[in-house]
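Residue strings, one per chain:
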Protein chains: 2
Amino acid sequence: METQVAEKRHASSKECAARLSAIHDAIYVIGGKWKLKIIIVLREEGSKRFNELQRLVSGISARVLSNELRELELNGFVRRKVFDGRPVIVEYELTEYSDTLSEVLHALNSWGTMHRSKIRSEMQAAAQSDK
Amino acid sequence: METQVAEKRHASSKECAARLSAIHDAIYVIGGKWKLKIIIVLREEGSKRFNELQRLVSGISARVLSNELRELELNGFVRRKVFDGRPVIVEYELTEYSDTLSEVLHALNSWGTMHRSKIRSEMQAAAQSDK
DNA sequence: CAGAATCCATAAGGATACTG
DNA sequence: CAGTATCCTTATGGATTCTG
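Parameters and conventions
- Residues numbered from 1 in each chain as written.
- Chains lettered and ligands numbered in written order.
- Predicted model: local features only at pLDDT ≥ 70, side-chain atom pairs only at ≥ 80, totals over all residues.
- Heavy atoms only, no water.
- Near = heavy atom within 4 Å.
- Polar contact = N/O pair within 3.5 Å; in protein donor to acceptor, adjacent residues only side chain to side chain.
- Helix = DSSP H or I, 4+ residues; strand = E, 2+ residues; numbered from the N terminus.
- Pairing = 2+ DSSP bridges.
- Contact = heavy atoms within 4.5 Å.
- Axes fitted to C-alpha atoms, helices over the stretch in contact; angles between N-to-C directions.
- Phe/Tyr/Trp six-rings, centres within 6.5 Å; stacked < 30°, edge-to-face > 60°.
- Buried < 20%, exposed > 50% of the residue type's maximum accessible area, 1.4 Å probe, protein only.
- Lys NZ or Arg CZ within 6 Å of the ring centre and 35° of its normal.
- Parallel < 35°, antiparallel > 145°, perpendicular 65-115°, else oblique.
- Buried area = accessible area lost by both parts, 1.4 Å probe.
- Salt bridge = Lys/Arg side-chain N within 4 Å of Asp/Glu carboxyl O.
- Nonpolar A, V, L, I, M, F, W, Y, C, P; charged D, E, K, R; others polar.

Named according to an unreviewed UniProt entry, chain A is Helix-turn-helix transcriptional regulator originating from Chitinophaga agri.

Structure, rendered in structure tokens:
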């Protein structure tokens, strides 16, 4: 048995550190404003070409999209398929590994939906008390 | 029945837009480098005072911690408790609303853990082929 | 102790133009 | 079409100092 000190109600510091580094890794590879959005679009709409993607992910610039796709490819979420011809056609598609994100995406999606409706009802209440 | 066009395999654009805005909201309030880390520490270690928190969330500066705590409070995740005295003591604790994040935290935690071990084994394989 | 204030460095990101 | 290059603005965040 290890020496048992304080903090019974809470997890050990080791567990906390483990969670922190797991979250750290997750944020590192799928964090930021765009990566999950790109993945969602590719999931819902299927493989897409560069300009289509840029249209579908509203607000993203070509420069940023290009950078994000490169990182997503490096991290194994996206595959870049090149079809020769004139002009060359490039398609981006999700890899099987990107499926490992489905739990994360689902959780974020339902939390975001819940949160938004909470905010909306708070604003309603505020408007009510303003009258 | 609405007019049925293309894209049978994939969700409608409306669904996609809904998911995008849900994710957008989520990223907006819990995104960034620090918010989830602070929440995790408060979950695992219980309520904490400012300087304790700064120690536990490694790498964060006082300025950034202060800003993040303010936003977390505004968004209803954290409560700031002030105990008068000399010196004044301030404690930060999670609200009940922060519990709504548990699914998100769990998903991110297990994905991050899985991803890290995947990376580790890839590095092992690479080291192997280098010999 | 719990921060706010200030200053500064770096990163992220938008706009526009350009190219094979 | 699929980006890249360049320039510029804004956001993020670290270090340090200061204060009630």
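Peer 1: Explain the protein's contact with DNA strand C to me, and be specific about the residues and the numbers.
Peer 2: As a matter of local geometry, DNA strand C sits amid 14 residues, with Arg63 of chain A together with Ser66, Arg70, Arg80 and Tyr92 of chain B nearest to it. Each atom of DNA strand C within 4 Å of the protein belongs either to a base or to sugar and phosphate, the latter forming 68%. For DNA strand C, a phosphate oxygen lies 2.8 Å from a polar atom in the side chain of Arg70 of chain B. Where the surface near DNA strand C is concerned, the elements lending two or more residues are helix H4 (62–74) of chain A together with helix H3 (50–56), helix H4 (62–74) and strand S3 (89–94) of chain B. If one sorts the elements of the surface near DNA strand C by residue count, H4 of chain B sits on top with three residues.

Peer 1: I'd like a description of the sheet that holds S3 of chain B, backed by residues and values.
Peer 2: Residue and element names in this part refer to chain B. The strand order across the open sheet formed by three strands is S1-S3-S2, and the pairing between neighbours is antiparallel. Edge positions in the open sheet fall to strand S1 (48–49) and strand S2 (78–83), since each of these has one partner strand only. Two elements, S2 and S3, share six bridges in a ladder whose sense is antiparallel. Its bridge partner lying in S3, Phe83 is registered against Ile89. Strand contacts of helix H2 (residues 35–45): S1, S2 and S3, with the helix running at about 95° to S3, the strand carrying the most contacts.

Peer 1: Kindly report on the packing of aromatic side chains, identifying the contributing residues and their values.
Peer 2: Following the criterion strictly, the structure yields four aromatic pairs over all chains and no others. Aromatic pair Phe77 of chain B and Tyr97 of chain B: ring centres 5.7 Å apart, planes at 20°, arrangement stacked. Residue Phe77 of chain B is found in the loop between H4 and S2, and its partner Tyr97 of chain B is found in the loop between S3 and helix H5 (102–130); the two are separated by 20 residues along the sequence. Taken as a pair, Phe77 of chain B and Tyr97 of chain B share a single burial class, namely buried. Ring-pair connections join several aromatic residues into one group, and the members of that group are Phe77 and Tyr97 of chain A together with Trp111 of chain B. Lying across the ring of Tyr97 of chain B, Lys118 of chain A places its NZ or CZ 3.8 Å from the centre.

Peer 1: How would you summarise the protein's contact with DNA strand D if you had to cite specific residues and measurements?
Peer 2: Near DNA strand D there are 16 residues, and of these Arg49, Ser66, Arg80 and Tyr92 of chain A together with Arg63 of chain B occur at the shortest range. A share of 69% of the atoms of DNA strand D within 4 Å of the protein falls on sugar and phosphate groups. One of the backbone nitrogen or oxygen atoms of Asn51 of chain A is found 3.5 Å away from a phosphate oxygen of DNA strand D. A distance of 3.2 Å separates a phosphate oxygen of DNA strand D from a polar atom in the backbone of Val90 of chain A. Residue contributions to the surface near DNA strand D peak at three residues, all from H4 of chain A.

Peer 1: Can you break down the sheet that holds strand S1 (residues 48–49) of chain A residue by residue, with the values?
Peer 2: By way of backbone hydrogen bonds, the strands of a sheet pair with one another, either parallel or antiparallel. Residue and element names in this part refer to chain A. Spatially, S1-S3-S2 is the arrangement adopted by the three strands of the open sheet, whose pairing is antiparallel. Among the strands making up the open sheet, the edge pair consists of S1 and strand S2 (78–83). By the bridge criterion, two bridges tie S1 to strand S3 (residues 89–94) in an arrangement that is antiparallel. Each residue of the ladder has a partner; that of Lys48, found in S3, is Tyr92. Across the face of the sheet, helix H2 (residues 35–45) comes into contact with S1, S2 and S3 while running at roughly 95° to S3.

Peer 1: If you had to explain the packing of H2 of chain B against H4 of chain B to someone new, which residues and values would you point to?
Peer 2: Residue and element names in this part refer to chain B. Between H2 and H4, the least distance of the axes is 10 Å, while the angle of their chain directions is 80°. In terms of axis orientation, H2 runs roughly perpendicular to H4. Across the interface between the two elements, Lys35, Ile38 and Ile39 from H2 touch Leu65, Glu68, Leu69, Glu71 and Leu72 from H4.

Peer 1: I'd like a rundown of the interface of chain A and chain B, residues and numbers included.
Peer 2: It is common to give the size of an interface as the accessible area that goes away when the parts come together. The interface is formed by 49 residues belonging to chain A together with 48 residues belonging to chain B. Interface of chain A and chain B: buried area, both sides summed, is about 4300 Å²; carbon and sulfur atoms make up 63% of it. Taken as a group, Ile23, Glu44 and Trp111 of chain A account for 16% of the area that chain A buries against chain B, more than any other trio of residues on that side. Run the count over chain A and chain B and you get four salt bridges. Across the salt bridge formed by Arg19 of chain A and Glu44 of chain B, the nearest N and O atoms sit 2.7 Å from each other. Summed over the shared surface of chain A and chain B, the result is twelve residue pairs in polar contact (both at pLDDT 80 or more). Taken together, the elements giving at least two residues each to the side of chain A that touches chain B come down to helix H1 (13–30), H2 and helix H5 (102–130) of chain A. No other element matches H5 of chain A, which puts 15 residues into the side of chain A that touches chain B. Classifying every residue of the side of chain A that touches chain B by side-chain character gives 22 nonpolar, 14 polar and 13 charged.

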